[in-house]
Structure formats: structure tokens, C-alpha cells
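Residues per chain are reported as follows:
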Amino acid sequence: MRRSSDVIAEALVEEIKAGVLPVGATLPTERALCDRFGASRPTVREALAQLQMQGYATAHAGHRPRAARPSLDDILRNAGDLILEILGDAQAGAHLEQMRQFIEMGAAREAAIRADAVALSKLQQALDLNAKAIGAPEFVETDIAFHRALVSVVGNPVILSLHDMFVSQLIAQRPAHDDAERHDRIAHDEHRLIHAAVLDGDAATAVDVMEKHLARAYRNRLKAAALASAPV
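Presented here is an overview of the structure given in this document. Computed from a prediction, not measured in an experiment: that's the story for all the values here.

With that settled, consider the overall build of the protein. The helix and strand tally for the protein stands at 10 helices and two strands. Sorting the 232 residues of the protein into buried and exposed places 39% on the buried side. Restricting to contacts in the protein with at least 6 residues of sequence separation, those with at least 24 account for 71%. Just so you have it, the protein exposes about 13,200 Å², and 56% of that area is on carbon and sulfur atoms.

Counted according to the given criterion, the structure contains 13 salt bridges. In this structure, E181 engages R185 in a salt bridge whose closest nitrogen and oxygen atoms are separated by 3.3 Å. Within this pair, E181 and its partner R185 are both found in helix α9 (residues 180-200), separated by four residues, close to a single helical turn. R192 is the partner of D189 in a salt bridge, and the nearest nitrogen-oxygen pair spans 3.4 Å. Within this pair, D189 and its partner R192 are both found in helix α9, separated by three residues, close to a single helical turn. By relative accessible area, D189 is classed as partly exposed at 32%. A relative accessible area of 42% means that R192 is categorised as partly exposed. Put simply, R3, D6 and E46 are held in one network by salt bridges that share partners.

Among the structural elements, E97 can be located in helix α5 (residues 89-114). The spatial distance from the C-alpha of E97 to the C-alpha of V167 is 7.9 Å, given a sequence separation of 70 residues.

Moving on, we get to the packing of helix α1 (residues 4-18) against helix α2 (residues 30-37). Angle between the axes and distance between the axes: these two values describe a pair of packed helices. Direction vectors running N to C along α1 and α2 enclose 110°, while the axes themselves pass 12 Å from each other. By the angle class used here, α1 and α2 are roughly perpendicular. Of α2, the residues touching α1 (which contributes I8, A11, L12 and E15) are L33, R36 and F37. A per-class count over the contact of α1 with α2 returns five nonpolar, no polar and two charged.

A separate point is α9. Given a rise of 1.5 Å per residue, 21 residues ought to cover 30 Å, and the 30 Å separating the end C-alpha atoms of α9 matches this to within 8%. Residues H183, D184, A187, H188, E190, H191, I194, H195, A197 and V198 constitute the buried set of α9. Looking one or two residues past α9, G201 carries a phi angle of roughly 70°, positive in sign.

So, about the side chain of E15. Of note, E15 is situated in helix α1. Ignoring any residue separated from it by four or fewer positions in sequence, one finds E15 in contact with V20, L21 and R36.

With respect to the helices and strands, the residue L193 is situated in helix α9. C-alpha of L193 to C-alpha of A206: the two residues are 13 residues apart in sequence and 7.7 Å apart in space.

A few words on the nonpolar core. In this structure, L123, F146, L150, I194, V198, A206 and M210 are the most contacted members of the largest nonpolar core, which totals 30 residues. Of all the secondary structure elements, the ones that give two or more residues to this core are α5, α6 (117-132), α7 (139-152), α8 (157-172), α9 and α10 (203-229). The dominant element in this core, judged by the number of residues it contributes, is α5, at seven residues. Beyond its immediate sequence surroundings of up to four residues, L150 is in contact with E104, A107, A108, A111, L123, I194, V198 and M210. Listed in part, the 17 residues of the second largest apolar core include I8, A39, L48 and A67.

Each value, and the rule that gives it
- Residues numbered from 1 in each chain as written.
- Predicted model: local features only at pLDDT ≥ 70, side-chain atom pairs only at ≥ 80, totals over all residues.
- Heavy atoms only, no water.
- Helix = DSSP H or I, 4+ residues; strand = E, 2+ residues; numbered from the N terminus.
- Buried < 20%, exposed > 50% of the residue type's maximum accessible area, 1.4 Å probe, protein only.
- Contact = heavy atoms within 4.5 Å.
- Areas by Shrake-Rupley, 256 points an atom, 1.4 Å probe, with all protein chains shown as cover.
- Salt bridge = Lys/Arg side-chain N within 4 Å of Asp/Glu carboxyl O.
- Axes fitted to C-alpha atoms, helices over the stretch in contact; angles between N-to-C directions.
- Parallel < 35°, antiparallel > 145°, perpendicular 65-115°, else oblique.
- Nonpolar A, V, L, I, M, F, W, Y, C, P; charged D, E, K, R; others polar.
- Expected span 1.5 Å × (residues − 1).
- Core = buried A, V, L, I, M, F, W, Y, C linked by side-chain atoms within 4.5 Å.

Laid out in C-alpha cells, this is it:
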């Protein structure tokens, strides 16, 4: 038997799709929806929460929800928040690291095989900015930009969105190092090797270097976490 909240949510979604509730329009009040569907306030609130989760409504504190159309980023962000909540920080981190490995090793392979002149130019630009930022706080930002430029070569918006949401977060949350410049230089040298393999069209080497690069980064995070939790 279908829940009342599902019925309400589906009816509102159909009205948004049909333009009866235009995108940006304020949704009916909870009382109006209660009267229309003969439902309680908790049921209506659950239906509105479903709309927001599906991307068909936006809500801001102190304001009624407004009709919306879901975007890929909204759907993935909602799913990502649920994944993190269900798995927990430690387990989610391990799964995200594995996902990063699949995405970026695959991206390195694809870039070596089919990167065009425009993609290669963007990758070179990202690498140059990464080199200039060695030892500076901006290195993390340029690190993310280099990996994103590589993933962009694949041309898949779902993969790129996953990278922006999860992989970039992993890079940004890397632990601090006593010798930041040394650490940055090691990372940049690995970026350089990946870039060289892509330029040579050497997919096997690009994948191999990327795998070692990610494995080293993950081990560093684990070591930092172990040190942070060790008794003083």
C-alpha cells in the first residue's frame, strides 16, 4: 500500500513537470495541502521533504518551499549526503578513496588515449599553476584543479560531478605536513609524470603512475589520522 506522503509528493511533482506549479513559484501552504489531500501536517511535511530530496523543491529558513526542477548536481549531492550518513566517516572515507581510484585511473587512461589539443592545453595550464603554488596554501586548490582537468577529458558530466563533490573534498582535507614544500614537490612531480604519460599517449604508464600517486596520498592520510588519535 502506498503511503499518503508518496501520493502527495508524486502529485506535486507532476504539477511541477506540467508547469501548473512553475519553477520558482511558492508551493501551497501546509494547511492548504492538508485540506486538499485530507492529510495531517506530519504527512505533508514528509511529502515536502521528499520533493526537496528529489530536487523538485528548494527551501530556505523562514521561507516556504519553492518549486524547482532537479539538476544532476542536486541529485548527486543529496545521494552523497545520504551515503556519508549511512556509512559513517571512516567507512565512507575508504569507499570514497576506492571510488577516486576508479575515476582517476580511468581518467588517466582515457586522457592518454584521446585527449585533444584543447584538453592537453588545459592540463598543461593546470600543471603550471600547480608548480607555481608549491609550498603555498594555494597548492591544494591547484592540486584539485589538475585532477579535475584530467577527469574533464572523459567528457562525462556524472563522473565530473562525482569528482567535484567527493574527490575534491578528499584532496582538500589532506592533513597538514611539517614540510609542506617537500610534500607539495613530491605531489607535483607525480603530476608531471602523469602529464608526460598523457602527452606520450602511454595509457599503461599514466594509469600506473596515477595508482602509485593515489596510494601514497591515501597512506599519508591514514598515517596522519593514526598520529592524531594516538594518546599523548
